Amino acid sequence: MDKIPVTRSSMPTFAEYTAEICSLWDTHWLTNMGTKHEQFREELKEYLGVEHVALMTNGHMALELAMQAMKLSGEVITTPFTFSSTTHAIVRNGLKPVFCDINPKDYTMDADLIESLVTDQTSAIVPVHVYGNICNIEKIEKTAKKYGLKVIYDAAHTFGEEYQGHSIGVYGDASVYSFHATKVFHSIEGGAVCTADANLAKTLYGLKNFGIRGPEQVCMTGTNAKMNEFCAAMGICNLRHLDEEIAKRKRVAEKYWSILGGVKGIRLNGTKEGVKSNYAYFPVVFLDSFGAGRDEVCDVLAAHGITARKYFYPITSAFDCYRDAYSTAGTPIALDVSKRVLTLPMYADLTEGEIEDICKVILGCKR
Ligand SMILES: *Cc1c(COP(=O)(O)O)cnc(C)c1O
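**Things to note about the site of the ligand**
The local shell around the ligand holds 15 residues, among which G59, D154, H157, S178 and K183 are the closest. In this structure, a nitrogen atom belonging to the ligand sits 2.7 Å away from a side-chain N or O atom of D154. Expressed as a share of its isolated accessible area of 380 Å², the protein-covered part of the ligand is 93%. Every element with two or more residues in the shell around the ligand is listed here: α4 (59-69) and α5 (84-92). Considered class by class, the residues forming the shell around the ligand number 3 nonpolar, 10 polar and 2 charged.

Structural data, given as structure tokens:
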């Protein structure tokens, strides 16, 4: 059996990409908001139906700069059940993450708990649409409004998804996408902040380019987070094939469901009404009744050449760099799920036969 990776980046044909970057050999304009950057930005605005898109070198810098641009202070309520980036972005802005537990159904922030974590220091909520599962947007917006808090959604997992007919990019004061090579849609490395706030968009434009406003004017302590032309060109190509990419992933998810759905001791990712999914990940939670634990299943899969990921384990508040500063005791569900969850191989070209092999190995662990 060939080795099966956990993910595999989708790519346009070599000919399509080289046609897209050909003009760069005429202009010699490789970065600093060139024509590919501007074309990609326009196409994203149109595709996502958002007013402003600030393209960034990656999703992490998009998160960091969204927080800096909003001049957040004090405490930020967030989830520990996420990729390191979300928590790091908060801490690297000099802010204090306050961890809210997740709900066991879709692993997003339990919106009913947010209010109990608000203090007079709280300035924002940073929820994550984890695995592409859409947060309880209504409750989050309501709580934010009541206490005058900003909301920045980490929407890194949601490109191509819609909720109630809108792209996920329209929600909150800002929504942040990642276009990393491992995501459903990518520009090799890349990311974007989407917002309806023109001033915020203008600030982000400055911050990603050292805070430079004019040849003799630097007005902010910015950084370098510009997207280059080659990445923008890859994004333009991949956007043409996104629907096909998602349709193929849907077939993979359905095949997994047909074999693993209803198996005792296995909990699969639920669906939410009104959501058009992008099938970004296929998380499986192993309950005690399965017999074998998550770590054992992961090891047995690895022995068969199949890579699954303990995504997200450990929760961010348990990282070496945070565990002395933050407790995991306040987020028992996140802690428990992190010890039980495994994301299975998921990419467009995963074959039915490979999915059957993966499931056979998993079910072979059951006791
Ligand atoms: C990938 C990811 C990021 C960071 O995006 P990069 O483009 O890799 O910098 C942030 N948050 C979450 C939840 C992610 O999965």
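Having seen it, we continue.
**Brief notes about the environment of V284**
Among the structural elements, V284 can be located in strand β14 (residues 282-286). Classification of V284 as buried rests on a relative accessible area of 1%. In sequence terms V284 and G364 are 80 residues apart; their C-alpha atoms lie 15 Å from each other. For V284, the residues in contact, after removing those within four places along its chain, are L260, I266, R267, L268, R340, V341, L342 and L344.

**So, the packing of aromatic side chains**
Taken as a whole and assessed by the stated rule, the structure comprises 23 aromatic pairs. Their ring planes at 70° and their centres at 5.2 Å tell us that F159 and Y177 sit as a pair that is edge-to-face. In this pair, F159 is assigned in the loop between β5 (150-154) and β6 (162-163) and Y177 in strand β8 (residues 174-178), connecting sequence segments 18 residues apart. The residues F159 and Y177 share a single accessibility class, namely buried. Measuring from centroid to centroid gives 4.3 Å for F159 and F185, while their planes differ by 20°, and the two rings are stacked. Remark: F185 occurs in the loop between β8 and β9 (191-195) and F159 occurs in the loop between β5 and β6; sequence separation between them is 26 residues. Here F159 matches F185 in class, with each residue buried. In textbook terms, an aromatic cluster arises when at least three aromatic residues are bridged by ring pairs, as seen for F40, Y47, F159, Y177, F179 and F185. The ring of F83 carries the charged tip of K183 above its face, separated from the ring centre by 5.8 Å. The ring centre of Y313 lies 4.8 Å from the NZ or CZ of R294, which sits over that ring.

**Notes on the packing of helix α3 (residues 35-48) against helix α9 (residues 229-240)**
Axes are the key here: two packed helices are described by the angle between their axes and the distance separating the axes. It is at 8 Å that the axes of α3 and α9 come closest, and there the two elements cross at 35°. Here α3 runs over α9; the crossing is left-handed. Judged by residue contacts, T35, K36, H37, Q39, F40, E43, L44 and Y47 of α3 engage E229, A232, A233, G235, I236 and L239 from α9. When grouped by side-chain class, the residues that make up the contact of α3 with α9 number 7 nonpolar, 4 polar and 3 charged.

**Some thoughts on the pairing of strand β15 (residues 341-344)**
Side chains V341 and T343 project from β15 onto one buried face, and the interleaved L342 and L344 project onto a second face that is buried too. As defined by bridge partners, β14 adjoins β15 across 4 bridges and the pair is classed as antiparallel. Residue pairing in the sheet places V285 in a bridge with V341 of β15.

**Structural notes on the pairing of strand β4 (residues 122-126)**
Counting buried residues in β4 gives 5 out of 5 residues, a clear majority hidden from the surface. Where strand β2 (residues 75-78) lies against β4, 4 bridges are found, and the strand directions are parallel. Across the sheet, residue I77 finds its bridge partner in β4, namely I125. Both β4 and β5 contribute to a ladder of 2 bridges, which runs parallel. Across the sheet, the residue bridging to I125 is V151, located in β5.

Cut-offs and rules
- Residues numbered from 1 in each chain as written.
- Predicted model: local features only at pLDDT ≥ 70, side-chain atom pairs only at ≥ 80, totals over all residues.
- Heavy atoms only, no water.
- Near = heavy atom within 4 Å.
- Polar contact = N/O pair within 3.5 Å; in protein donor to acceptor, adjacent residues only side chain to side chain.
- Areas by Shrake-Rupley, 256 points an atom, 1.4 Å probe, with all protein chains shown as cover.
- Helix = DSSP H or I, 4+ residues; strand = E, 2+ residues; numbered from the N terminus.
- Nonpolar A, V, L, I, M, F, W, Y, C, P; charged D, E, K, R; others polar.
- Buried < 20%, exposed > 50% of the residue type's maximum accessible area, 1.4 Å probe, protein only.
- Contact = heavy atoms within 4.5 Å.
- Phe/Tyr/Trp six-rings, centres within 6.5 Å; stacked < 30°, edge-to-face > 60°.
- Lys NZ or Arg CZ within 6 Å of the ring centre and 35° of its normal.
- Axes fitted to C-alpha atoms, helices over the stretch in contact; angles between N-to-C directions.
- Left-handed = near helix turned anticlockwise from the far one by under 90°.
- Pairing = 2+ DSSP bridges.

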